[in-house]
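Residue strings, one per chain:
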Amino acid sequence: MTVRTTVRVLRMGTRKSALAMIQSTGFAESLAYRTGTDVETVGVVTEGDVNGAPITSFGGLGVFVQAVRGALLSGRVDFAVHSCKDLPTAPAEGILTAAIPAREDPRDALVTATGATFDALPAGAAIGTGSPRRTSQLLALRPDLKIVPIRGNVDTRLHKVDSGELDGVVLAAAGLDRLGLGDRAVERFAPERLLPSPAQGALAVECRSADGPVAALLARLDDAGTRAAATAERAALARLEGGCSAPVGAHAVVRDDSLELTVAVTALDGSRRLVRSHRGPAVQAVETGRTVADELLADGAAELLGGVR
Ligand SMILES: NCc1[nH]cc(CCC(=O)O)c1CC(=O)O
């Protein structure tokens, strides 16, 4: 006879976009496989999902996060899955990051109408992205490009390429991969060329700080290397006082017990770029993040962040 000591179904909160649903469902499957816990998905509809207005007009990505966290704090769900890079760097009262699972491809990807790689794009090609970080770094590499601000889910953005409206779009490789669209990427930018968003490709799984049993269960899916990398990248961003809309790219590589972090701050028009790297023990990820940010501030990063800081 099989005796189950913890017969329990956990309720998982997530945004309802296709990408959010696919990545949270993937996490739920890993949790079920590793711990035997069954998961019920609760989709949280947010203002941003409903009104489709430009993201800056209703308070930025924070509204998505707030709605899901609200469901967590009110007890409507037991844990919540977010894209780590969408979380504000400030800690949230009563909430714990219980797991940062092994990260997927952190790079940015280029999708083009003709299959042209980045260097082969014709002069003046129209490339869509709504991200100041991508815009500034793309212009630093290719000042001739015409950057077109776009927003929307992955399908909407790809459609602008397929319909001929744009020559290409740049988006997170992890998003394409999770949706099974990885082969649409003509190129994945080497991180040193186009530094990804801090924590791009990583998930953050949150629960109530007071909920010890759930925290312990989720912690079994934590990946120490990914947590160290994401922590260093986000500590640099926090020190630079940038949100997810700052032109700040960061990428950490963890090998054994050592972490190497590279961070760039780029002027919005691509005309100036500051880059710093630092190596430290993986257990001192926060300190390494702050060190790199302080070096960038000493180099004059605040001036480049001026308009957006
Ligand atoms: N900016 C929105 C966003 N938030 C998370 C992802 C997917 C990648 C990830 O989880 O890091 C995306 C899409 C994109 O940037 O193209």
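Our structure is the block above this text.
This one's a predicted model, so the numbers in the text were calculated from it and none came from an experiment. (Residues numbered from 1 in each chain as written. Predicted model: local features only at pLDDT ≥ 70, side-chain atom pairs only at ≥ 80, totals over all residues.)

## Describing the sheet that holds strand β3 (residues 79-83)
- One open sheet holds the 5 strands; their spatial order is β2-β1-β3-β10-β4, and the pairing between them is mixed. Taken across any chain shown, the strands that pair with only one partner, and hence form the sheet edges, are β2 (38-44) and β4 (95-99). The sheet shows a mean angle of 35° between the axes of neighbouring strands, direction not considered.
- Two elements, strand β1 (residues 9-15) and β2, share 7 bridges in a ladder whose sense is parallel. Paired with G13 across the bridge in β2 is V42.
- Across the sheet, helix α1 (residues 18-35) lies against β1, β2, β3 and β10 (203-208), angled at about 165° from β2, the strand it touches most.
- Where helix α3 (residues 62-73) meets the sheet, it contacts β1, β2, β3, β4 and β10, and its direction lies at approximately 160° from that of β1. (Pairing = 2+ DSSP bridges. Helix = DSSP H or I, 4+ residues; strand = E, 2+ residues; numbered from the N terminus. Axes fitted to C-alpha atoms, helices over the stretch in contact; angles between N-to-C directions. Contact = placed C-beta atoms within 7 Å.)

## A word on the sheet that holds strand β12 (residues 258-266)
- Within the open sheet, the 3 strands sit side by side as β11-β12-β13. Their pairing is antiparallel. The sheet is open, and its two edges are formed by β11 (248-255) and β13 (273-281), each paired on a single side. Pairs of neighbouring strands in the sheet enclose a mean axial angle of 15°, with direction left out of account.
- Direction of pairing for β12 relative to β13: antiparallel, over a ladder of 9 bridges. The partner of T262 across the bridge, within β13, is S277.
- Docked against the sheet, helix α8 (residues 224-239) engages β11 and β12, running at close to 150° with respect to β11.

## Some points on the site of the ligand
- Close contacts around the ligand come from S83, K85, D86, L171, A172, A174, G175, Q200 and G201, and that covers them all.
- Counting residues per element, the ones that place at least two in the shell around the ligand are β8 (168-172) and α6 (173-178).
- Of the residues that constitute the shell around the ligand, the class distribution is 3 nonpolar, 4 polar and 2 charged.
- Counting only domains with at least three residues in the shell around the ligand, you end up with domain 1 (9-101 + 202-222) and domain 2 (108-188). (Near = placed C-beta within 6 Å. Nonpolar A, V, L, I, M, F, W, Y, C, P; charged D, E, K, R; others polar. Domains from an automatic or database assignment.)

## Quick look at the nonpolar core
- Formed by 79 residues in total, the largest nonpolar core has its most connected members in F79, V205, A232, A236, L240 and V263.
- The greatest single-element share of this core, amounting to 7 residues, is contributed by α8.
- The contact partners of L240, leaving out residues within four places of it in the chain, are A246, V248, V265, A293, L296, A301 and L305. (Core = buried A, V, L, I, M, F, W, Y, C linked by C-beta atoms within 7 Å. Buried ≥ 20, exposed ≤ 12 C-beta atoms within 10 Å, placed from the backbone.)

## Notes on the environment of L19
- Topologically, L19 is positioned in helix α1.
- Of the residues examined, L19 has 18 C-beta atoms within 10 Å and is grouped as partly exposed.
- Counting along the chain gives 139 residues from L19 to L158, while the straight-line C-alpha distance between them is 14 Å.
- When near neighbours in sequence (up to four residues on either side) are disregarded, L19 contacts N153, V154, G175, R178 and L179.

## Brief notes about the pairing of β11
- As judged from the 8 bridges shared by β11 and β12, these two strands associate in the antiparallel manner. Residue pairing across strands places V253 opposite E260, the latter belonging to β12.
- The loop that links β11 with its antiparallel partner β12 comprises 2 residues; one of these, D256, has a positive phi angle of about 55°.

## Considering the packing of α8 against helix α9 (residues 285-299)
- Where α8 contacts α9, the two axes come as close as 7 Å, and the packing angle between them is 35°. Note on packing geometry: the crossing formed by α8 with α9 is right-handed. Where α8 approaches α9, its residues A228, T231, A232, E233, R234, A235, A236 and R239 are matched on the opposing element by A285, V286, T288, G289, R290, V292, A293 and D294.
- Class assignment for the residues of the contact of α8 with α9 results in 8 nonpolar, 3 polar and 5 charged. (Left-handed = near helix turned anticlockwise from the far one by under 90°.)

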